[in-house]
Number of protein chains: 4
Amino acid sequence: MNFASDGVAYCAPEIMARIVADNPVTTAVFDADEITAALKERIEAMFESEVDIFTVATGSASNSLALAAMTQPYGAILSHVEAHIQTDECGAPEMITGGAKLIGLPGEHGKIDAATLEEALKHSRFGFTHSVQPQALSLSQITEAGTVYTPDEMADLCRIAKSYGLKVHVDGARFANALAALVCSPAELSWKAGVDILSLGATKNGAIAAEVIIVFDRSLSERLRYMRKRSGHMIAKNRLLALQLDTYLTDDLWLRNARHANDMGRALESVLLRAPDIRLVHPRQANELFLVMPDDVLERMRKGGIKMYENWRTYPLRHHRMATSFATTPQDIDRVAAILGV
Amino acid sequence: MNFASDGVAYCAPEIMARIVADNPVTTAVFDADEITAALKERIEAMFESEVDIFTVATGSASNSLALAAMTQPYGAILSHVEAHIQTDECGAPEMITGGAKLIGLPGEHGKIDAATLEEALKHSRFGFTHSVQPQALSLSQITEAGTVYTPDEMADLCRIAKSYGLKVHVDGARFANALAALVCSPAELSWKAGVDILSLGATKNGAIAAEVIIVFDRSLSERLRYMRKRSGHMIAKNRLLALQLDTYLTDDLWLRNARHANDMGRALESVLLRAPDIRLVHPRQANELFLVMPDDVLERMRKGGIKMYENWRTYPLRHHRMATSFATTPQDIDRVAAILGV
Amino acid sequence: MNFASDGVAYCAPEIMARIVADNPVTTAVFDADEITAALKERIEAMFESEVDIFTVATGSASNSLALAAMTQPYGAILSHVEAHIQTDECGAPEMITGGAKLIGLPGEHGKIDAATLEEALKHSRFGFTHSVQPQALSLSQITEAGTVYTPDEMADLCRIAKSYGLKVHVDGARFANALAALVCSPAELSWKAGVDILSLGATKNGAIAAEVIIVFDRSLSERLRYMRKRSGHMIAKNRLLALQLDTYLTDDLWLRNARHANDMGRALESVLLRAPDIRLVHPRQANELFLVMPDDVLERMRKGGIKMYENWRTYPLRHHRMATSFATTPQDIDRVAAILGV
Amino acid sequence: MNFASDGVAYCAPEIMARIVADNPVTTAVFDADEITAALKERIEAMFESEVDIFTVATGSASNSLALAAMTQPYGAILSHVEAHIQTDECGAPEMITGGAKLIGLPGEHGKIDAATLEEALKHSRFGFTHSVQPQALSLSQITEAGTVYTPDEMADLCRIAKSYGLKVHVDGARFANALAALVCSPAELSWKAGVDILSLGATKNGAIAAEVIIVFDRSLSERLRYMRKRSGHMIAKNRLLALQLDTYLTDDLWLRNARHANDMGRALESVLLRAPDIRLVHPRQANELFLVMPDDVLERMRKGGIKMYENWRTYPLRHHRMATSFATTPQDIDRVAAILGV
C-alpha cells in the first residue's frame, strides 16, 4: 500500500480504455488534431468561458509557463512560502520566467490569508527601480498542506492582487480535489473568482501524464504559445495528452476520482486519529494528510507494507505525508487500521 | 496518405501493446520505476558502454538539455545552418543553455564536411574574451536534408571538434534510420566515433512520445539531472516513457521500423523519379525526400489526397518534403504512382 | 602611433575639464542629479523630440539593453552578419534578451541593403510557433566596415522593418562620425527615419566611458528601466556619465571631434593609397580603414611604431584595421607616410 | 547635510587628483593598460595572495558576477534575508546567474549566526533533484544593518559553508568600514577566513564609480572573465576604474576614509542618543545608523536641512537610515545637534 503520493496511482481505467481505443494509423501533428480541438470546446463549456489551452506533460511546465506568461524577468511572484513552485521544482519558475523572484508568504496550513497578502503588497516597492516588481500571485488549490481555498477566499485574494495590478495563477495540480471538497462550479473557483490562468492537473487524479494550462485572460496567450515551444514542451503527437484530458473531463471522471480520493482521505484520517500517538499537522480537507507519529509507529507501518512520504518536512517540525487517490481502496484503509490495531 | 512527416505515424503496434499490458495500479514516481532501470541496462548492453540516461517527451527538450550540459552561456554550438536546432525549435537551445550562440555551418545536402568544420574552428577566437567560445558540435543523424553521416565521417568530425576542446552531441531524432541505412553498430555510430551525448529519438519511428538522452561522457550528467527537472522535463510517471523506449529497443523494433521506412522511401523515390517533372533536391539516403515539382503536379497530388510538407523551404529554392514511416504501406506508394500516372 | 582603434584616444580636453570642474562634495544618487536632467533636455532639443534616456558605461550594455527592450526571448534580431553585436560582445544581446536569436544578413561593405532585408523578412515564418519571431532590426551607424547609411537608406530599411512589425535599433557607437560624414540633422538620422532606440556612443569620440540609450518610442522605456538596474548597469553616481555626455553634446563637440577623426581618416587613406601594395577592402567613408597589405609592409609599419588592429578578419580575406580619432594629428599621418616612403 | 547614504559623497580629493593627473593621449584598451596591471599587483601585496581581479563600475555587477561564477542556474545562494542582493538589486543575481535562487536567512541585526546557517544547510536537500542546490554563501561586510562580522565569525560561517561544499562570497561594498572597525588584516577578513571571492567596493568610500571583484579561488575566474564581458561590464578604457581603485588602496586611503566615516558615525550616534525620543534599531558598529524617531522630530530635521533615508524599512518596524562618509564633517554633526537641541 503506497500512500506516499496520489501520484503513484498509475492510470484510471477510463483513460487507459481511451488510449487503447484511440489508436489511429496517423495523426495531425502538434495541436492540429481533432481531440485537442474537442478538448478546448469541452473546457470552454465546462468553465463557461472562452479560453486558450496549452497542454503539457508535467506540472512543473504547466506552472512555470503560466507564470512566465504573466511575469517579466524583473517581476516578482507571490505565493505561499511552502508552495510547490517554491520548494519542489528545482527553480523551474525562475528558469522559465528568465529569473523572476519568488516571494514566499507565510500562512497557517499552507494558505495565504487576505491580510497577509494585503500587507505584503502594501509594503512592496512598486515603481522603485531597485526592487523586483510584484506581477503575479500564485495560489495552490488544494494547497501544499492539503487545505482548500473557498471561492470566497479565492475571490478576496484575487481582488487584492488585482487592485495592485497583479495577475493571478492557480496551481491546480489537485484542482479536482478542491472542487470535490466544495460546492461550486469550475468557473466559480477560477475566472469568476478572478483567476487569469489555471494550471489544471490530471496526472495525480487519473491521467498518466497530462496537464493543461487554461488561459482565461487571453492577452497572455501569445507569449505562452512561443514559450511552450521554446521550452521544449510542445508535444509532437499532442493527441496523447489531449485524449487523457478529454476523458478526464468527460462524465465527471475528474470529480468522481477526486471525490473517491477525498473520501478515502477522510476514512484514513478517521483510522489514524484513533491511534493515540498520531496527530495531524494540518486539517485534512481533501486527500492529503500530514502527520506526526512516534518512530516506533512509523516502523510498524513500514513493516506492515505501508509506504508514506517520510520526512515530508524535517524543519521546524518533522512530519510525514500520506495521500489517497482514485485508486485507493477501503481495503487499503482497513490494512492501516489493522496494523495500527485500531 | 499523409507524407508530410514521419511524425504523423501514431504508434507502433508493439508499443501500443506494451502500453496496454503495462498497466499497474501504482508505480514508483519519477525515475525510480523498474522499467526505467531496465531501459538503462538495455541501452548499456546495446551501446556496449556504461551510460546515464534521461528520458524526455520531446525532441526539442532532448536536444536542448544535451547541449546545455555541454555548453556555458558564453559558449557557441556549431551545427549545420539548416539543423533542426537552428530553425525549428523557436530558440529552445538558446533558452535552455542560458543564451549560448548557435553558429550555422554551410554544407551540401545538410552535411558538415571536415574541411568546413576545421576552417570554422581554426578561425574561431578561442580565449578571446569578446567572442563566444565554441564548446559543442551538434550533428544531426540523419540530417535535416535526409542524408546520413557514415561512422568514418562522424569520427572525422568528432576528432576535429575534440582537437579544439569541443564536446559532440548527436541529434538522433532519426538515428535508427541512419543505423538502418548503414552497416554498423550503435556504438560505432556514437561513442566509438567520439560522440559524448546522443539524443535518441523514438517518436518519429514508433513511439507516441518518447526520447532518451544517452550520456556517454558521464561527467556531463550532473548538470543534466538538475536542468531536466528545472526545465519541467522530469515526468512524474516516467514508466510511460520508459516502456515505449524499452519496447522500441527490444527485438530490433527500432531497426525493423526504420528499415521499413527507408525501404518505403526508396520505393517512393523510384516512383517519383519516373515522373518527368519531379526532381530531388538532396540524394535520398533514408526516409525523407526533398522535391521540386511543378505546381500543377503538386495540385494533382493534393487532389489525389497526397499530403506533403509543402514549401519546406521557400528560399533560396522552393521545395517540398515527403517522408515515409514505419506505417507507410506499399499501397500508399502505389497510390502516388497512380496519381502521377507513372 | 596607435591606429588600432579610435577607442585608444583617452579623453577630450573639454570633457576632462568638465570632470575636473564638476567636483561637488555630494551628489544626488542614481539618475536624480541635475546634470542627468540637463542632459535629457539637451538631447530632446538636439533631436527635436521627447525621449527617455538611460546612460550606461559600455557600448555592449547600451546595445543589449536597447535590444532587450524590443525583443521577447523568442524574438529574433536581424542585423548585418558582421555587426559588432554579432561578433564582439560575447553573446551579450543573447544574455540580456533572455536568449533571443541574432540573425546575420549579408551585405557588401557592412551594409544591409533593402532588397536583402525585404527578402529575409518575406521568408521569415511570422506566426509559426516553431520559429523565432523577428522583432527587431539593428543597424550600425557607422557600420562595422566603416561605411555610412544615408538618411534615405535608413528610412528605407526602417520602413521595410516596420511593415513587418519590427522595431528598429541603431548601434550608434560612431553615430557622430556618420553625422559628420553626411549633411543631415540628428533627427533625420534617427527617429525621422524610423529609428525607435538609438544607442549613442561617446566613448570612442571623446568620453572616457559614457553611452546613452535614447528612446524615441517611449512605450519601450518601462522594461529598459528595470532591465538596466537588473543587469547591474545603473550607476550610483550617474553624474559622472551625464557630465561626459552633456559636454560631448555641447558646442558641437561631438561633431567637431568626429569631423576631425573623419578628416584624419581621409588623410590617412590618401597616404596609404600612394603605397603600391596597400589596398582598401571597403570604401572609407568616415574614420576607419580596412586594409590588405603585404606582410613586409606590415612589418615595416610595426618597426616604425605604427600600431594597427592586425588580423581584424582572417577569413575569408585576411585584413587589418586602422582607425583615426579626435586625437589623431597630421603629424601621425605624416609619420605613416614617412615609413611607407610615399 | 545629506545623511541619506554614504554614496552621496562624490569623490575623494586624492582620487580626483589622480584622475586629473592621469590623462594620457592614448591608452591600451580593456584590461591591457599598465594601471590595471599595477592594481593587480597592489591587491596581491595587500591581500598577501595571488588573485585574479575584475573591475566593474557598479556594486550590483560586482556581486552578481561573483555569484554567477560560483553558482549553477539550479544553485541556491544563501544570504541574510535583508542583504542588498536580496532586496535592492532588482533581481540582478537571479539574472546574471541564469535564475539561481536566493534564500534569505534570518538573523538579528543583519547578521547570520553560525547555528542558523548550520540548521539551514542541515535541512537543505542536497542531491535531491527537485530542489535547488545550495552552492554559495554571500556575506555582507558590513551588513545591511550596519553591523560587522569579526574574522572569527567569518571563519566560522565559512567553515560551515565549506563543509557542505559551498563557496563563499563577500559583498564588501563597505569592506573598508569593516576593516576600520576591526583590528585585522585584509587577508584575515577574506581568504584566511575562507572567502573565495570578495566584491570590494570603493564607490561609497571615495571613488566615483569603481568596484573590484577579487578572486582568491582562481578556478572561478574563467567563467567570470566571459560573463563580465557578456553582461556588458567590461569597460573599454578600464584605466578610469583602475586608477580610482589604485589610488583608493594607496597610502591607506581606503582605511583613512573609512575610519573617518566610522568616527563621524560614532559622533552622530552620540548626538542622536542624547535626544530622548530617538533610538537605534541596530547597534552602530561602523558608519550607518538605523533609527526610530517620532514624526515631529523627523520633520524638524527635514526643516533644518538634514536629509536621511526615510522609511528605510516600513515593515515590520518603520525606521530610517543615516549614514556618514569620508566627506562628513564635525560641523555636519554639530548641525544635527543644534537642530535637535541636544
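Here the structure is a predicted model, which is why all the values come from computation and not from measurement. (Residues numbered from 1 in each chain as written. Chains lettered and ligands numbered in written order. Predicted model: local features only at pLDDT ≥ 70, side-chain atom pairs only at ≥ 80, totals over all residues.)

## Things to note about the nonpolar core
Next, step 1: Ranked by internal contacts, the top residues of the largest apolar core, which has 460 residues, are A:Ile214, B:Ile214, C:Ile214 and D:Ile214.
Next, step 2: If near-sequence neighbours (up to four positions away) are discounted, C:Ile214 is found in contact with C:Ile43, C:Phe47, C:Val51, C:Ile53, C:Ile197, C:Leu198 and C:Leu200. (Core = buried A, V, L, I, M, F, W, Y, C linked by C-beta atoms within 7 Å. Buried ≥ 20, exposed ≤ 12 C-beta atoms within 10 Å, placed from the backbone. Contact = placed C-beta atoms within 7 Å.)

## Examining the confidence of the model for chain A
Next, step 1: Counting all residues, the mean pLDDT for chain A is 97, and 100% of those residues have values of 70 or more.
Next, step 2: Scoring of the predicted complex yields 0.97 for pTM and 0.96 for ipTM. (pLDDT = per-residue confidence, 0-100.)

## A closer look at the relation of the copies chain B and chain C
Next, step 1: Between chain B and chain C, the superposition needs a rotation of 180 degrees and an axial shift of 0.0 Å, giving an RMSD of 0.0 Å. Taken together, the rotation angle and the small translation identify this as a two-fold axis. Ranked by how close their C-alpha atoms come to the rotation axis, the residues of chain B are headed by B:Gly99, at 2.2 Å.
Next, step 2: When the interface residues of chain B are mapped onto chain C, 100% of them are again interface residues, pointing to one common binding face. (Least-squares fit on C-alpha atoms with pLDDT ≥ 70 in both.)

## Details of unusual backbone geometry
Next, step 1: A:Tyr315 connects to A:Pro316 through a cis peptide bond whose omega is 0 degrees.
Next, step 2: Tracing the sequence through the fold places A:Pro316 in the loop between strand S10 (309-313) and strand S11 (319-323).
Next, step 3: Positive phi values are uncommon outside glycine, yet C:Cys90 reaches one of about 50 degrees.
Next, step 4: Mapping C:Cys90 onto the fold places it in the loop between helix H4 (84-87) and helix H5 (92-97).
Next, step 5: Given 27 C-beta atoms within a 10 Å radius, C:Cys90 is considered buried.
Next, step 6: Even without glycine at this site, D:His109 takes up a positive phi of about 55 degrees.
Next, step 7: Looking at where D:His109 falls in the secondary structure, it is placed in the loop between strand S3 (101-105) and helix H6 (114-122). (Helix = DSSP H or I, 4+ residues; strand = E, 2+ residues; numbered from the N terminus.)

## Observations concerning helix H10 (residues 239-248) of chain B
Residue and element names in this part refer to chain B.
Next, step 1: Where burial is concerned, most of H10 is hidden: ten out of the ten residues are buried.
Next, step 2: Residues of H10 that are buried: Arg 239, Leu 240, Leu 241, Ala 242, Leu 243, Gln 244, Leu 245, Asp 246, Thr 247 and Tyr 248.
Next, step 3: Tucked into the core, H10 has its buried residues touching helix H1 (13-21), helix H2 (34-47), strand S1 (52-56), strand S7 (211-215) and helix H11 (253-274).

## Considering the sheet that holds strand S9 (residues 288-292) of chain D
Residues and elements named next belong to chain D.
Next, step 1: Taking strand neighbours across the sheet as the criterion, the four strands line up as S8-S9-S11-S10 in an open arrangement whose pairing is antiparallel. Looking at which strands have only one partner, the edges of the open sheet turn out to be strand S8 (279-280) and strand S10 (309-313).
Next, step 2: Pairing geometry for S10 and strand S11 (residues 319-323), over two bridges, is antiparallel. Within the sheet, the bridge partner assigned to Tyr 309 lies in S11 and is Arg 321.
Next, step 3: Strand contacts of helix H11 (residues 253-274): S9 and S11, with the helix running at about 15 degrees to S9, the strand carrying the most contacts. (Pairing = 2+ DSSP bridges. Axes fitted to C-alpha atoms, helices over the stretch in contact; angles between N-to-C directions.)

## A look at the packing of H6(D) against helix H7 (residues 151-163) of chain D
Helices that pack against each other are described as a pair by the angle of their axes relative to one another and the distance between those axes.
Residue and element names in this part refer to chain D.
Next, step 1: Contact pair H6 / H7: the axes reach a minimum separation of 10 Å and the direction vectors enclose 10 degrees. With respect to H7, the axis of H6 lies roughly parallel. Along its contact with H6, which presents Ala 114, Leu 117, Glu 118 and Leu 121, the element H7 presents Asp 156, Leu 157, Ile 160 and Ala 161.
Next, step 2: Of the residues that constitute the contact of H6 with H7, the class distribution is six nonpolar, no polar and two charged. (Parallel < 35°, antiparallel > 145°, perpendicular 65-115°, else oblique. Nonpolar A, V, L, I, M, F, W, Y, C, P; charged D, E, K, R; others polar.)

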